[in-house]
Amino acid sequence: MESNETLASFFFEKLGAALREHRVETAAETEHYLVRLLSDYATHPVDEQPLALKLMAAEGAPPVERRRQLREIGDTSLFVSGFWSDSFARRIVDVDYYIGLGGSAYGRLARVGDGWSRDPCTGVFAELAEKFRSFVHVLGTLSSWVRPPSTPQDMVKLYDKYRNTGSSWARSRLAAMGVFIPAPTGKNQ
């Protein structure tokens, strides 16, 4: 990727395809917000500070700072739970923790009050809160498209996904890696 515009165009195309695959309809503003989020995280690392500590800090912060921190919590939760969900197998907290935390942060941002006025992104935050779990699945699919399997364990996970879901995408990815999978026999179709 040579520029942010190219990166944004790349994610716009991939995100649109993943939204269609999951049949998730979203406002154009929300789709653009997600493209910006993906582009930002593609060029900047995720802050390692625990989100629960960030949430505690946000509670006592002045309104403008509280909004910034809640947005960061929502964004980080969405990106990590969607794009890196496979990493939760080795963690103490699971993906549902991030989904709950992120959805709650966006929900709080969508409400007017608590010392702040209406934000131009209020509708975006409301949609992100309402469809958080769906967006996690969308980003998970997008992640699988742009992050090729790098270990034998990743290939096994991809095969398990094919075996459990019958995903034509997983089957074609496996075929591209040289894994032969016989055509379905039609018994379970």
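Everything discussed here concerns the structure shown above.
Predicted model, so just to flag it, every value in this text is computed and none were measured.

The rules we used
- Residues numbered from 1 in each chain as written.
- Predicted model: local features only at pLDDT ≥ 70, side-chain atom pairs only at ≥ 80, totals over all residues.
- Heavy atoms only, no water.
- Core = buried A, V, L, I, M, F, W, Y, C linked by side-chain atoms within 4.5 Å.
- Buried < 20%, exposed > 50% of the residue type's maximum accessible area, 1.4 Å probe, protein only.
- Helix = DSSP H or I, 4+ residues; strand = E, 2+ residues; numbered from the N terminus.
- Contact = heavy atoms within 4.5 Å.
- Arc of directions from axis to C-beta.
- Phe/Tyr/Trp six-rings, centres within 6.5 Å; stacked < 30°, edge-to-face > 60°.
- Lys NZ or Arg CZ within 6 Å of the ring centre and 35° of its normal.
- Axes fitted to C-alpha atoms, helices over the stretch in contact; angles between N-to-C directions.
- Parallel < 35°, antiparallel > 145°, perpendicular 65-115°, else oblique.
- Left-handed = near helix turned anticlockwise from the far one by under 90°.
- Nonpolar A, V, L, I, M, F, W, Y, C, P; charged D, E, K, R; others polar.
- Salt bridge = Lys/Arg side-chain N within 4 Å of Asp/Glu carboxyl O.

Observations concerning the nonpolar core
Note on soluble globular proteins: their nonpolar side chains tend to be buried together.
Line of reasoning, step 1. L15, L78, Y106 and L128 are the most contacted members of the largest nonpolar core, which has 36 residues in total.
Line of reasoning, step 2. At the level of elements, α1 (4-21), α2 (28-43), α4 (63-83), α5 (95-110), α6 (122-130) and α7 (132-146) are the ones that each hand at least two residues to this core.
Line of reasoning, step 3. Not counting residues up to four positions away in its chain, the partners in contact with Y106 are Y33, L37, R71, G74, D75, L78, F125, L128, A129 and F132.

So, helix α3 (residues 51-59)
Line of reasoning, step 1. Turning to α3, its buried residues are L51, K54 and A58. Seen along its axis, α3 keeps its buried residues to an arc of 55 degrees; they face one direction.
Line of reasoning, step 2. Contacts from the buried residues of α3 go to α4 and α5.

Re unusual backbone geometry
Line of reasoning, step 1. The residue R23 is not glycine, and still its phi comes out positive at about 55 degrees.
Line of reasoning, step 2. With respect to the element layout, R23 can be found in the loop between α1 and α2.

Re the packing of aromatic side chains
Line of reasoning, step 1. Evaluation of the coordinates by the stated rule reveals seven aromatic pairs.
Line of reasoning, step 2. Ring geometry for Y33 versus F125: centroids 5.8 Å apart, planes at 85 degrees, classification edge-to-face. Of this pair, Y33 sits in helix α2 while F125 sits in helix α6, placing them 92 residues apart in sequence.
Line of reasoning, step 3. Take Y33: its relative accessible area is 6%, and that puts it in the buried class.
Line of reasoning, step 4. Given a relative accessible area of 1%, F125 falls into the buried group.
Line of reasoning, step 5. Lying over the aromatic face of Y33, R36 brings its terminal NZ or CZ to 4.7 Å of the ring centre.

Here's the deal with the packing of α3 against α5
What describes two packed helices is the angle between their axes and the distance between those same axes.
Line of reasoning, step 1. Interaxial distance between α3 and α5 falls to 11 Å at its minimum, and their mutual angle equals 25 degrees. Classified by the angle their axes make, α3 and α5 are roughly parallel. Relative to α5, the crossing made by α3 is left-handed. For the pair formed by α3 and α5, the contact residues are L51, A52, L55 and E59 on the first element and Y97, Y98, L101 and R108 on the second.
Line of reasoning, step 2. The residue inventory of the contact of α3 with α5, partitioned by class, reads six nonpolar, no polar and two charged.

Regarding the pattern of salt bridges
Line of reasoning, step 1. What the rule picks out here adds up to nine salt bridges.
Line of reasoning, step 2. K54 is the salt-bridge partner of D47, the closest N and O atoms lying 2.9 Å from each other.
Line of reasoning, step 3. Look at K54 and you get buried, because its relative accessible area is 8%.
Line of reasoning, step 4. When salt bridges that share partners are traced, they join D47, K54, E65, R68 and E72 into one network.

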